[in-house]
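Architecture and fold: a report
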Amino acid sequence: MSDWFIPLLGAALSIFAFSFLYRDNPFFKFAEHTIVGVAVGIELYSGYQSILKTGWTPLTGGSYILIPAMILGVMTLGRLSKRTIWASNYPLCILMGVGLGLAVRGAVIGQLLDQIRATLLPMATPNPINNLNNFLIVVGTTASTMYFIFTRSHTGIFGFLTKLGRYFIMAAMGATFGSMSLTFLSPVIGPAFLMFREPGIYLTAATLIVILVDMIYRRRKGV
Amino acid sequence: MAWYRRPEIRIIIVALTTILVITDFFIAVKTYNDFIKQLLVWSVIISGFTIVLGAVNIGVVHGKHIIKKTPGQWYFSLWLIICVIVTFILAAGSEGIPAMKSAYDYLINNIHTPLTSAAYGLIGFYFASCIFRAFRGRNSYVAVFLLSGCLTLLLNAPVTELVPFIPAVGNWVVAVPNVAGTRGIVIGAAVGIIAAGLRNILGLERGGLLAEE
Amino acid sequence: MMALSKITTIDRRWIWLVVMIAFAIPIIRPLAIPIKVSEDTRIAFNAIESLPEGSVVMLDVEMWMRYYSELGPTTEAFIYHVLKKNLKLVIWASSPEGAPFAETALRAVNPENMGKKYGVDYVHLGYIAGGEKAMASLMTDIHGTVTTDYYGNNIKDLKIMENVRSSKDIKMIACVMSTQPDDRVRQYSITGGIKWIALTSGGWVPGIKPFVASGHVLTTVGGIRGGAEYELLVGRPGSGLISTDITSVTLLLMVALVIVTNIGYFAERASRRGKK
């Protein structure tokens, strides 16, 4: 039974979700709420497991230094009520401070100094294509960084360089767009296999017929 | 205003923790480094509670719909809460009971995965129609954007290996102009992070969590 | 010209139908388009090949089940490769759905069939909340951060974790991710001192390239194509290779849409100028 039932179930659920492309309907709402419900259930369990393995288990094993952390964690739940929201601010401030500290100390080296260092490329190598590429990277990085200087108006030579920087930024955005297309389309692959292979393809065909009938009916009714 | 609600205390906490974590990078004193290690473990524990907070909040929002019997919504909210509870029970039980483990795996692989893939796949369809509506070469910037985008798109399609120059040009676009443009953004973002850090350390940041209640 | 300019007014549902057909064609009639392995994937493969037996590889999974068709094949091929090379694998999830994602990949690879034993050759630590804070904490003290694995076992009882305590004991990190790499560069590359492999969604490859160029990230294995190439290299053809046909057709369709809409746009502009 699982040979045909599981693929058919998967195809049916995929069709429920895709039905939104035609129009909003109760099947899509059912799918939407199922997704959110299961995802929240997974999140709830994952959060509970994380607290258990990082906090509760070591605490009950003798690491009493974790008691303040557990108390601060419980205070986070104060965010659920207006009366206790003040209590949640303290642990969130600690998270914010720690996160910012980690970000700043890594950003200075990894994102600033090392990126500048990586831009210092040789432009007089035996390979002329390498020289051209390195020249473009140096000029492009400088120009696109200059684009983000807003304390000076973008006029004259500075304006020319910032315009050039904008072209490089657009090229980078374009490359990201090109790659993102695949990321946006790839989740469809799994459902597509379920919908266009047996037995799901029969369900897909039946759904298309139903949609066609509905379109004709609605057009006739003037809806 | 009660002292525990004052924004100054929150600002001091953020500033202090930021400074402590930053200076850990430069100080090689075991006691201090161990203290920061412990602070990191504390923040991991607190983060676990924030995940639970998000999940519980969804339950509260939908619980209100069920209690108020919001027309056209309350039964979907009820179904959502049922899904949350069933998933949590199956996940928790999967640790020790083989039958519940099978049921949880079934739920994840045969129900959640196709549903969530299809729902997120909707973005792909909207993206395709967005390309059709909006990606027109209005000016030279958009033209560069589209050219770079199309070459990168073709780079990811194995069929274009049949045309020799496409992978070469596509790889060049990703390796040269893309690196130059992205690096500018990364450097700008790094300066932004440092500026945000400084603003918090100096207590100049007054938005969001650090605002007056 | 008038007819061409009408292209821009097509109802978007027709475009969606065309996209759906683009997905259907390679599934109903596989095209079996051959693929060439790229230099980036080869660098990742060689990096694992060059590790001495018994080296510890950490796999950080920040994924959601909806991306399993894109990055599941890559993850499976990578896990298979690491275990086949008799390396030790430590998996942890930095997103809630990352834990079941990793577990699904592990079950697909079936390490027990390869003669590997859980707790000795590989371990799944489960989800650890905190994002960058969790990464920083793991780089400095793994046993201080987490005490039990995904299945509730105490990690002190697991042989594999005896000598894995911090970044000093880890030879390589691979991240299954679909997000910007900044936090991992800060924690793995700078704090941990480890170059890592990005097993990333195709969309993030351009954003990670500057970090590859600066030496923080070893290489990227991007999207379905990267996964298919990795499957070819490890000799384990799977769903990644099958899906490359679909990516070829759909991506060509996207380029066609860009070309068609621009033809329509310029035709519309010309007919408006003609009217004036």
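The structure we're discussing is the one just above.
All of these numbers come straight from a predicted model, not from anything done at the bench.

Side note on the overall build of chain A
Helix and strand content of chain A: eight helices and zero strands. Counting from the amino terminus, chain A carries its helices and strands in the arrangement α-α-α-α-α-α-α-α. For chain A, whose C-alpha radius of gyration is 28 Å, the value lies well above the compact-globule estimate of 17 Å for 223 residues. Residue pairs at least 24 apart in sequence account for 29% of intrachain contacts in chain A once pairs closer than 6 positions are excluded.

Focus on the environment of B:R133
Following the sequence through the fold, B:R133 ends up in helix α4 (residues 98–134). A sequence separation of 80 residues divides B:R133 from B:L53, and the C-alpha atoms of the two residues are 40 Å apart.

Observations concerning the interface of chain A and chain B
Accessible area lost during the coming together of the parts is what is often quoted as the interface size. If you look at the interface, chain A gives 98 residues, while chain B gives 96 residues. Listing elements by their share of the side of chain A that touches chain B, those giving two or more residues are α1 (2–18), α2 (26–60), α3 (67–76), α4 (85–119), α5 (128–146), α6 (156–185) and α7 (189–196) of chain A. Residue classes in the side of chain A that touches chain B are distributed as 62 nonpolar, 30 polar and six charged.

Looking at the interface of chain C and chain A
Across the boundary between the two partners, chain C contributes 52 residues, which contact 42 residues of chain A. Looking at the side of chain C that touches chain A residue by residue, the classes come out as 25 nonpolar, 19 polar and eight charged.

Focus: unusual backbone geometry
In this structure, the amide linkage connecting A:E198 to the following residue, A:P199, adopts the cis form with an omega of -5°. One can find A:P199 in the loop between α7 and α8 (200–221). With a phi angle near 55°, B:K69 is a residue other than glycine that sits in the positive phi range. Topologically, B:K69 is positioned in the loop between α2 (30–68) and α3 (74–93). For C:N86, which is not glycine, the phi dihedral falls at a positive 60°. In this structure, C:N86 sits in the loop between α4 (68–84) and β2 (88–93). Among the residues examined, C:N86 registers 15 C-beta atoms within 10 Å and is labelled partly exposed.

Here's the deal with the packing of α7(A) against α4(B)
One can describe the packing of α7(A) onto α4(B) by two numbers: an axis separation of 8 Å at closest approach and a directional angle of 110°. Between α7(A) and α4(B), the angle falls in the class roughly perpendicular. Crossing angle aside, the handedness with which α7(A) passes α4(B) is left-handed. Listed contacts from α4(B) to A:G190, A:P191 and A:L194 of α7(A) are B:T113, B:P114, B:S117, B:A118 and B:G121. Its residues assigned to classes, the contact of α7(A) with α4(B) comprises four nonpolar, four polar and no charged.

Regarding the nonpolar core
Core analysis: the biggest nonpolar cluster contains 199 residues, and C:L89, C:A174 and C:W196 have the highest contact counts within it. Here the element with the most residues in this core is α6(A); it accounts for 13 residues. Here this core spans two domains, and each of domain 1 (2–30 + 246–275) and domain 2 (39–237) of chain C adds at least three residues to it. Here C:L89 is in contact with C:V57, C:L59, C:I79, C:V82, C:L83, C:D121 and C:Y122, once residues within four sequence places are set aside.

Things to note about the sheet that holds strand β6 (residues 217–222) of chain C
All names here are of chain C. An order of β3-β2-β1-β4-β5-β6 is seen for the six strands of this open sheet, with the pairing classed as parallel. The two strands at the open ends of the sheet, each matched to only one other strand, are β3 (122–127) and β6. Here the average twist between neighbouring strands, direction ignored, is 15°. In this fold helix α5 (residues 98–109) packs onto β1 (56–61), β2 and β3, with an angle of close to 155° to the strand it touches most, β3.

What about helix α6 (residues 132–140) of chain C?
Burial analysis of α6(C) places nine of its nine residues in the buried class, which makes it a mostly covered element. Along α6(C), the residues classified as buried are C:E132, C:K133, C:A134, C:M135, C:A136, C:S137, C:L138, C:M139 and C:T140. Check the buried side of α6(C) and you find it contacts α4 of chain A, α2 of chain B together with α7 (142–145) and α8 (182–191) of chain C.

So, the packing of α7(A) against α8(A)
Residues and elements named next belong to chain A. Two elements in contact, α7 and α8, have axes whose closest approach is 5 Å; the angle formed by their N-to-C orientations is 90°. Between α7 and α8, the crossing angle belongs to the class labelled roughly perpendicular. The residues of α8 that touch α7, namely those facing L194, M195 and F196, are G200, I201 and T204.

Conventions used here
Residues numbered from 1 in each chain as written. Chains lettered and ligands numbered in written order. Predicted model: local features only at pLDDT ≥ 70, side-chain atom pairs only at ≥ 80, totals over all residues. Helix = DSSP H or I, 4+ residues; strand = E, 2+ residues; numbered from the N terminus. Rg over C-alpha atoms; globule rule 2.2 N^0.38 Å. Contact = placed C-beta atoms within 7 Å. Nonpolar A, V, L, I, M, F, W, Y, C, P; charged D, E, K, R; others polar. Buried ≥ 20, exposed ≤ 12 C-beta atoms within 10 Å, placed from the backbone. Axes fitted to C-alpha atoms, helices over the stretch in contact; angles between N-to-C directions. Parallel < 35°, antiparallel > 145°, perpendicular 65-115°, else oblique. Left-handed = near helix turned anticlockwise from the far one by under 90°. Core = buried A, V, L, I, M, F, W, Y, C linked by C-beta atoms within 7 Å. Domains from an automatic or database assignment. Pairing = 2+ DSSP bridges.

Keep in mind these numbers describe shape, not what the thing actually does.
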